[in-house]
Amino acid sequence: MTNPMIKPGPMICPFCGPRDASEFRYGGDPSVARPGFGCSDADWAGYLYVRENPRGLAREYWVHSQGCGQWLVAERDTVTHLVLRVTEATP
Amino acid sequence: MTGPSRIGGSAGESLPFAFAGRRLQGKAGDSIASALLANGIVTIGRSFKYRRPRGILSAGEDEPNAIVDVTLDGVRVPNVRATTQALQAGMEISPVLGRGAAFLTRVLSPFIASGFYYKTFLWPHWHLFEPAIRRMAGLGRVDPASRMTAAAGGSLSVDLCVVGGGRSGLCAAITGARRGQKVLLVDRQDSLGGSSLWRGEGCADLVAEVQALGAMVWTGATAFGAYENGRLGVHRQGEGLASGGSLWVVQTGEVVLATGAMERPLLFERNDLPGVMLADAALHYLRRHGVLCGSRPVIATNNDSAYPVALALAGAGAQVMVVDSRPASARSKAVNGVRVITGACIARALGRGRVSAVELDSGQRIACDLLAVSGGWTPTLHLCCQAGGKAVWDEDRVILVPAFPVPWISLTGRVAGDWAAPDDLPWEWAVAPEIPSSGATRKIWVDLQNDVTLGDVELAARENFTSVEHLKRYTTLGMATDQGKSANLLGAAAMAQATGRRATDLGLTTYRPPYAPVPMAALAGLSRGALQSPLRRLAAEPAHRAMGAHFRDYGGLLRPAFYGTDESSIAAECIAARQGAVVFDASSLGKVAVMGPRAGELLDFLFAGRMSNLAPGRVRYGLTLNEAGIVTDDGVVLCLGPEHFLVSCSSSHVGGFVASAEEWRQTRFGRDQVFIHDRTAQWATMSLSGPTSKAVLAGLGMVATLDDQAFPHMSFVMGQFMGKPARVARVSFTGERGYEISVPSGLAVPLWQALIAAGAAPLGIEALGWLRAEKGFLYVGQDTDGETMPHDLGFDAPRLKRKQGFVGDRALQLPVAGDAERKQLVGLARADGGLIPTGAHLVEGSPRRSIGFVTSSHLSPTLGRGIALALVEGGRARIGAEATWFDLGQTGRATVTPACAYDPEGGRLHV
Ligand SMILES: [Zn+2]
């Protein structure tokens, strides 16, 4: 319970407003940076397969796949499943 | 001994129905259970394991016994809970007879103890016994011909969802609505008011206020599951028996549970006799349905909540005797007209097939026709616990409470342990469960639906299955369709007693959705039959049908497989393609526009090959990879003009390509400089192919010139068809000269007809598959697998030239990519020209080891022999060598060949 004042609710797409959670698809961890071509084999393998599994606050890519199609960054609590903030994804 | 009967007024429409073949009358407003009781029927069915006669215990979804099969208007619905299903005229109701272990009990033992199956059928193997035991298991009979209907459900978002429409729930809904919240009130009964409908005078004033405030009210609806982030699963009953109702996902901002509490039975010998009923249920049937469940009831209790029941039954004319296990109290002395014995417990129920008397622990016997019991109350915490609340026993408040607060769920009323006294006397309703000292007789039932006795619990304890989770799995306690609503807490308390622990040490098993059974029809909703996986269809489908096309489902798309009555026409279509001209409806091929200043840059990143230097009017083939370097699709890119490209990906990969392209666009390139637009459905595409295709196309006069110098292979020109723009590209799927003609999809039929009229023969997707296999043109996903990299297919440049700047570039430099034993795409040929089965393995060594497998295999009409494509370890180095194939026990020899078996020089493209 990161913040008991925050209530559950529909995912709020910055483009479409509150929408049902089933319209969104998880898109991975935005903090994983794509290594350059000169990286080591281990770096590339890490980029492909190694992920954090945070307990509590997580930043996640979500796609409004059944809506506007935009890639979003959601701040979500993996314990309570509450979505705290959603912003548009930028490069 | 009169038993139950209807004493209420004659109001209400009469509803004829049948039970076990007997013609009976019920009344509008009856449940199946109340209608049966009104007709004096006490025994409803036979128990699951021991086939003991059982009666109605409760008046709600906690009912363990009264499960029936119901047929109405030709639809048979199995395992209907008689206490919650409304009676309808014409229902044919059959008891559900537990098939039980009757033969086993005859030959082996009168009772089957915990773990019986585990112990008895261990040797030689459980699977020898399983079929016979499975046949004995189960409850009602499913009629496969009966189909329940379902309505469309959906999703709904509200600020506040109140579960339970009794007094507390109504008050919570009013509070929320007054605060301006969007409120949904869900109640399983058909009227609001909850237990006040039989314990009080109803809540008409509160109901009116809820309605005036505009709260949404769903009656006949059960919130069956609490899911993450404040979502509830809600099942709304449909109209009538045959309707499975509808399924709703309700996104809430907060949830108030006003779900009340469920009365617990008491444990005593033969407590499963028909005629033993929860005290609250007896009051329910009296007040809601005018049914007095017994004229001489004994009411056995360990708390005060049974006293209003005693007074109500007495007021209805019954001769009531209360047996209270506690010492005399102000309340026990204040019940006029009712005899009370205090400090006494029921030792056993007596009677043949139904209760006719009780024996107290003092040995005193009392004749009765109803034994109404109250063993205390268990708050209905299911939704809170599903959301992580975890129920624990509170010793001080002597009630079950959530151990952890769930931030978005609050409790009100009886579920929160709050039950206002009906008068000025002390009101002791929250009490601990009482467990008899020993269940050695084994005829004290804890779980009525799964036939688990107190003796079973004690046996489990002796055999060291002492946690509640082990108890559940070893004895099946709580695993029946009632999910142990009346049994779980008693089972845990019995285990605590048997192991000398306190109830607080044990807790309860995990609560899981659904709270009450949800019909499969509701879960399926409208997603069945043609709507289960709706087919996409071609714009020119009528024209194909007119030519005798045989349609098949290709990845959700209905396409012509071949033209004719059987597959023999496939070979003829292939020969027409090699000798004349054929037309194939390729409208489902992707047409994804990529536009903007950075369009070329994005395409260079998406394809394992450069696209940005394509000149307008030119076409280039390419592969797409994922970041692991694995081939995900192939396709061609057309350069329509500066900063404007069209990607023609495979039909089944359009969605995947667009999703991947959008991901990279939005997360790497930005939204401002490049745009993606899927135009696949807007354009119909007919692929014209064959040595005479040029002449056929010339007849249509669509483009200014077909001269091969001006219009070479892998280029396109714009023309006109019926006054609309047409795009004609020189590409080939067959290895022959080919033209791909795209027009607005509204012109699909006329374009198809014009090409046929000009002399092209129709070509189905099956023949196309043969033709491309002859050429070694691969289908990504069929001739590749989850390990295939470009160089495995012969596209060596990306890896060898260490190209960079595209998806998967670095993965092609990993050691695994350079392994000489990678599976590579090659061809296979048998010396006798025969067919090698698709899926056959190539094997070598002893013991035999698979070195690859056949991905495509056809009898080539063009070459007059079998051809095959295969992924084989180090395949290209094996070209010319012999290999052994193995399929379902058959083996044979074949020669490894290049993938392309026909026209390897590509001269046919220019014929
Ligand atoms: Zn959106």
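Residues numbered from 1 in each chain as written. Chains lettered and ligands numbered in written order. Predicted model: local features only at pLDDT ≥ 70, side-chain atom pairs only at ≥ 80, totals over all residues. Heavy atoms only, no water.

A. Here's a closer look at the overall build of chain A. Within chain A, the regular secondary structure consists of one helix and six strands. Tracing chain A from N to C terminus, the helices and strands come up as β-β-β-α-β-β-β. The dimensions of chain A, computed from C-alpha atoms along their principal axes, are 45 × 30 × 20 Å. Contacts spanning at least 24 positions in sequence make up 45% of the contacts within chain A whose residues lie at least 6 apart. For chain A, the exposed surface amounts to about 5200 Å²; the carbon and sulfur share of it is 52%. (Helix = DSSP H or I, 4+ residues; strand = E, 2+ residues; numbered from the N terminus. Contact = heavy atoms within 4.5 Å. Areas by Shrake-Rupley, 256 points an atom, 1.4 Å probe, with all protein chains shown as cover.)

B. Spotlight on the overall build of chain B. A tally of helices and strands in chain B yields 24 helices and 50 strands. The C-alpha radius of gyration of chain B comes to 37 Å, more than 25% above the 29 Å expected for a compact globule of 911 residues. With the principal axes as the frame, chain B shows a C-alpha extent of 110 × 70 × 55 Å. Per-residue burial for chain B yields a buried fraction of 57% across its 911 residues. Look at the contacts in chain B between residues 6 or more apart in sequence, and 64% of them connect residues 24 or more apart. Within the structure as shown, chain B displays about 36300 Å² of accessible surface, and the carbon and sulfur contribution to it stands at 54%. Taking the average location of the 89 positive side-chain charges in chain B and that of its 81 negative ones, the two points are 3 Å from each other. (Rg over C-alpha atoms; globule rule 2.2 N^0.38 Å. Buried < 20%, exposed > 50% of the residue type's maximum accessible area, 1.4 Å probe, protein only. Lys, Arg positive; Asp, Glu negative; His and termini not counted. Charge placed at Lys NZ, Arg CZ, Asp CG, Glu CD.)

C. Layout of the interface of chain A and chain B. Listed by partner, the interface residues are 30 residues for chain A and 38 residues for chain B. The junction of chain A with chain B conceals about 2800 Å² of combined surface from both sides, 54% of it contributed by carbon and sulfur atoms. Our count for the contact surface shared by chain A and chain B stands at five salt bridges. Counting every contact that joins chain A to chain B gives 16 residue pairs in polar contact (both at pLDDT 80 or more). If you list the elements that add at least two residues to the side of chain A that touches chain B, you get α1 (41-49) and β6 (83-88) of chain A. (Buried area = accessible area lost by both parts, 1.4 Å probe. Salt bridge = Lys/Arg side-chain N within 4 Å of Asp/Glu carboxyl O. Polar contact = N/O pair within 3.5 Å; in protein donor to acceptor, adjacent residues only side chain to side chain.)

D. Geometry of the coordination of the zinc ion. Residue and element names in this part refer to chain A. C13 (SG), C16 (SG), H64 (ND1) and C68 (SG) make up the full set of protein donors to the zinc ion, lying at 2.0 to 2.3 Å. Around the zinc ion, the four donor atoms are arranged such that angles at the metal cover 105 to 114°; this shape is classified as tetrahedral. The exposure class of C16 is partly exposed, given its relative accessible area of 34%. Classification of C68 by relative accessible area gives partly exposed; the value is 30%. (Donors = N, O, S within 2.8 Å, 3.2 Å for Na, K, Ca; no water. Tetrahedral: all angles 85-135°; square planar, octahedral: opposite > 155°, others 65-115°.)

E. Layout of the packing of aromatic side chains. The full count for this structure, using the stated rule, is 15 aromatic pairs over all chains. Judged by centre distance (5.7 Å) and plane angle (75°), the rings of Y26 of chain A and W62 of chain A are edge-to-face. Of this pair, Y26 of chain A sits in strand β3 (residues 25-28) while W62 of chain A sits in strand β4 (residues 57-63); the two residues are 36 residues apart in sequence, bridging distant segments of the chain. Each member of the aromatic cluster is reached from another via a ring pair, and the members are W377, W419, W427 and W429 of chain B. Cation over ring: R414 of chain B sits above W419 of chain B, and NZ or CZ is 3.5 Å from the ring centre. (Phe/Tyr/Trp six-rings, centres within 6.5 Å; stacked < 30°, edge-to-face > 60°. Lys NZ or Arg CZ within 6 Å of the ring centre and 35° of its normal.)

F. Molecular detail of helix α20 (residues 654-669) of chain B. Looking at α20 of chain B, one finds that the buried residues are V654, F657, V658, A661, E662, W664, R665, Q666, T667 and F669 of chain B. G670 of chain B sits one or two positions beyond α20 of chain B and adopts a positive phi of about 95°.

G. Summary view of helix α18 (residues 568-579) of chain B. Residues and elements named next belong to chain B. Compared with an ideal rise of 1.5 Å per residue, which puts 12 residues at 16 Å, α18 spans 18 Å between its outermost C-alpha atoms and is within 8% of the ideal. Of the positions making up α18, those classed as buried are S569, I570, E573, C574, A577 and R578. Its buried side turned inward, α18 meets β33 (557-563), β34 (582-585), β44 (761-762) and α23 (765-775). (Expected span 1.5 Å × (residues − 1).)

H. Fine view of the domain arrangement of chain B. We note that the domain assignment places domain 1 (5-111), domain 2 (148-262 + 377-428 + 522-534), domain 3 (541-588 + 682-763), domain 4 (592-678) and domain 5 (806-910) within chain B. Relative placement of domain 1 of chain B and domain 3 of chain B: their C-alpha centres are 65 Å apart. (Domains from an automatic or database assignment.)

I. Quick look at the sheet that holds β33 of chain B. Residues and elements named next belong to chain B. Taken in spatial order, the three strands make up an open sheet running β31-β33-β32, and their pairing is mixed. In the strand order of this sheet, the two ends are held by β31 (536-537) and β32 (549-554), each with one partner. Where β31 lies against β33, two bridges are found, and the strand directions are parallel. In the strand pairing of β33, R536 is matched with L557. The strands touched by α23 within the sheet are β32 and β33, with β33 carrying the most contacts at an inclination of about 75°. (Pairing = 2+ DSSP bridges. Axes fitted to C-alpha atoms, helices over the stretch in contact; angles between N-to-C directions.)

J. Spatial organisation of the sheet that holds strand β35 (residues 592-595) of chain B. Residue and element names in this part refer to chain B. Ordered in space as β36-β37-β38-β35-β39, the five strands form an open sheet in which the pairing is antiparallel. The open sheet terminates on both sides in strands that have one partner only, identified here as β36 (619-625) and β39 (675-678). Looking at each pair of strands side by side, their axes are set apart by 30° on average, direction ignored. The pairing of strand β37 (residues 631-641) with strand β38 (residues 644-649) spans six bridges and is antiparallel. Among the inter-strand pairings, V637 is bridged to a residue of β38, identified as V647.

K. Focus on the pattern of salt bridges. Residues and elements named next belong to chain B. Evaluation of the coordinates by the stated rule reveals 49 salt bridges over all chains. Notably, a salt bridge pairs D451 with R54, separated by 2.7 Å at the nearest N-O pair. Here the residue D451 occupies a position in the loop between β29 (445-447) and β30 (452-453), and R54 occupies one in strand β5 (residues 53-55), the gap between them amounting to 397 residues. In this pair, the class of D451 matches that of R54, namely buried. In this structure, R348 and E359 form a salt bridge, with 2.5 Å as the shortest nitrogen-oxygen distance.

L. View of the confidence of the model for chain B. Residue and element names in this part refer to chain B. Here chain B averages 93 in pLDDT, while 95% of its residues score no lower than 70. Taken as a whole, residues 105-109 scores under 50 in pLDDT and shows five contacts with residues more than four places along the chain or in a different chain. Model confidence for the complex: the whole-complex pTM is 0.87, and ipTM, which rates the interface, is 0.95. (pLDDT = per-residue confidence, 0-100.)

M. Quick peek at unusual backbone geometry. All names here are of chain B. The omega torsion across P513 and P514 is -5°, close enough to zero to call that bond cis. With respect to the element layout, P514 can be found in the loop between α15 (503-506) and α16 (520-524). Cis peptide bonds are those with omega within 30 degrees of zero, and the linkage from S846 to P847 qualifies with 0°. In this fold, P847 is placed in the loop between β46 (841-844) and β47 (849-860). Even without glycine at this site, M722 takes up a positive phi of about 50°. Here M722 is to be found in the loop between β41 (716-721) and β42 (724-729). Under the relative-accessibility criterion, M722 is labelled exposed at 55%. For D903, which is not a glycine, the phi torsion comes out positive at approximately 50°.

N. View of the side chain of T378 of chain B. Residues and elements named next belong to chain B. Structurally, the position occupied by T378 is in strand β25 (residues 377-379). By relative accessible area, T378 is classed as buried at 11%. Once residues lying within four places of it in the same chain are set aside, the contact partners of T378 are A261, M262, R264, L400 and L489.

O. Geometry of the nonpolar core. All names here are of chain B. In this structure, I32, Y285 and L371 are the most contacted members of the largest nonpolar core, which totals 76 residues. Each of domain 1 (5-111) and domain 2 (148-262 + 377-428 + 522-534) accounts for three or more of the residues forming this core. The residues contacting I32, other than those within four sequence positions of it, are V68, V70, V80, A82, Q85, L87, M91 and I93. One finds V158, L184, A460 and L508 within the second-largest nonpolar core, a separate group that totals 50 residues. (Core = buried A, V, L, I, M, F, W, Y, C linked by side-chain atoms within 4.5 Å.)

P. Local environment of the pairing of strand β40 (residues 683-689) of chain B. All names here are of chain B. Most of β40 sits inside the fold, with seven of its seven residues counted as buried. Taking every second residue as pointing to the same face, both faces of β40 are buried, with W683, T685, S687 and S689 on one and A684, M686 and L688 on the other. As paired elements, β34 and β40 share four bridges and run antiparallel to each other. Bridge pairing in β40 links D585 to M686.

Q. Quick peek at the packing of α18 of chain B against α23 of chain B. Residues and elements named next belong to chain B. Relative to each other, α18 and α23 sit at 55°, their axes nearing to 8 Å. Judged by the angle between their axes, α18 and α23 are oblique. Note on packing geometry: the crossing formed by α18 with α23 is right-handed. Taking contact as the criterion, the partners of I570, A571, E573, C574, A577 and R578 in α18 are, on α23, E766, A767, W770, L771, E774 and K775. Taken together, the residues of the contact of α18 with α23 break down into seven nonpolar, no polar and five charged. (Parallel < 35°, antiparallel > 145°, perpendicular 65-115°, else oblique. Left-handed = near helix turned anticlockwise from the far one by under 90°. Nonpolar A, V, L, I, M, F, W, Y, C, P; charged D, E, K, R; others polar.)

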